[in-house]
Amino acid sequence: DAKTTQPTSMDCAEGRAANLPCNHSTISGNEYVYWYRQIHSQGPQYIIHGLKNNETNEMASLIITEDRKSSTLILPHATLRDTAVYYCIVRVSNYQLIWGAGTKLIIKP
Amino acid sequence: EPEVTQTPSHQVTQMGQEVILRCVPISNHLYFYWYRQILGQKVEFLVSFYNNEISEKSEIFDDQFSVERPDGSNFTLKIRSTKLEDSAMYFCASSDLSGGVEQYFGPGTRLTVT
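Residues numbered from 1 in each chain as written. Chains lettered and ligands numbered in written order. Predicted model: local features only at pLDDT ≥ 70, side-chain atom pairs only at ≥ 80, totals over all residues. Heavy atoms only, no water.

Caption draft 1: Up close: the environment of Thr76 of chain B. All names here are of chain B. Tracing the chain through its elements places Thr76 in strand 8 (residues 75-79). Here the alpha-carbon distance between Thr76 and Ser66, two residues ten residues apart in the chain, equals 8.2 Å. Apart from residues lying up to four places away in sequence, Thr76 is in contact with Ile20, Leu21, Arg22, Trp34, Ser66, Val67, Glu68 and Pro70. (Helix = DSSP H or I, 4+ residues; strand = E, 2+ residues; numbered from the N terminus. Contact = heavy atoms within 4.5 Å.)

In structure tokens, the structure reads:
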């Protein structure tokens with residue numbers, strides 16, 4: 001079973017920051033948090049991952065709480081093309097990603 | 001930009017038939033994966049493959065499933081005797097030497113079993 005919980009859906013205005021929360025209260029010390037997204041009818045796309053520290057790349061920022069029980073993905077300037085289902089995933093091994101139901105993010109003009 | 005490709009994009013088959021889904025991972029990647037997504041449901045891990053053998057598999061990946069890397073470029077998923085409940089999108093993914101940190105997914109094959 002998925003080790004993460006996320007809101008089912010969220011809206012965000014175009015150009016604003018989209019903040020997507022995720023709870024992973026049972027995460028173990030060596031388990032990474034990953035974020036992927038899936039634009040309708042396409043394969044999932046990697047966004048970012050982290051263990052303890054906050055991370056930033058060209059797509060997004062990942063803020064992980066000090067106790068590691070939750071995290072937030074931030075898309076700093078959302079565009080219409082960011083409309084997708086966003087998955088917060090805990091990697092349980094070197095190979096296996098356990099997926100939850102994700103958050104459907106709708107960017108509105 | 002290199003990408004994972006999958007063929008066919010859509011496969012229709014009759015129950016009980018064998019199907020082979022094909023994937024071409026990114027050329028310098030060494031770790032390969034299959035996932036499936038039943039319509040409207042979450043993505044489910046099936047199997048991972050490294051160094052010409054299965055490294056991990058889920059409970060879904062039973063004896064009717066097999067994977068193979070028949071040559072230096074292709075990675076295949078075979079379903080021996082398809083069932084109605086095998087209807088799903090099947091995604092192939094690959095990752096590089098870092099051991100699965102960032103997985104690149106293909107566009108998927110939609111399998112419809114009638």
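Caption draft 2: Quick peek at the state of the cysteines. Residues and elements named next belong to chain A. Evaluated as defined, the whole model comprises two disulfides over all chains. There is a disulfide in this structure between Cys22 and Cys88, and the S-S distance comes to 2.1 Å. The chirality of the disulfide connecting Cys22 with Cys88 is left-handed, given an S-S dihedral of about -80 degrees. Taken as a pair, Cys22 in strand 2 (residues 18-23) and Cys88 in strand 8 (residues 84-91) lie far apart in primary sequence, 66 residues in all. Taking relative accessible area as the criterion, Cys22 reaches 1% and is therefore assigned buried. (Disulfide = S-S within 2.5 Å. Buried < 20%, exposed > 50% of the residue type's maximum accessible area, 1.4 Å probe, protein only.)

Caption draft 3: Molecular detail of the interface of chain B and chain A. Residue-level contacts link 19 residues of chain B with 20 residues of chain A. Summing both partners gives a buried area of about 1,600 Å² for chain B against chain A, and 53% of it is carried by carbon and sulfur. When the area that chain B buries against chain A is broken down by residue, the three leading residues are Lys42, Glu56 and Val101 of chain B, summing to 29%. At the junction of chain B with chain A, the criterion picks out zero salt bridges. Listed by contribution, the elements that provide at least two residues to the side of chain B that touches chain A are strand 4 (31-37), strand 5 (43-50) and strand 6 (53-57) of chain B. In terms of residue count, strand 4 of chain B provides more of the side of chain B that touches chain A than any other element does, four residues in total. Along the lines of polarity and charge, the residues of the side of chain B that touches chain A split into nine nonpolar, seven polar and three charged. (Buried area = accessible area lost by both parts, 1.4 Å probe. Salt bridge = Lys/Arg side-chain N within 4 Å of Asp/Glu carboxyl O. Nonpolar A, V, L, I, M, F, W, Y, C, P; charged D, E, K, R; others polar.)

Caption draft 4: View of the sheet that holds strand 2 of chain A. Residue and element names in this part refer to chain A. Spatially, 2-7-6-5 is the arrangement adopted by the four strands of the open sheet, whose pairing is antiparallel. Where the open sheet ends on each side, the last strands, each with one partner, are strand 2 and strand 5 (55-56). As paired strands, strand 6 (residues 61-64) and strand 7 (residues 70-75) are joined by four bridges and run antiparallel to one another. Across the sheet, residue Ile63 finds its bridge partner in strand 7, namely Thr72. (Pairing = 2+ DSSP bridges.)

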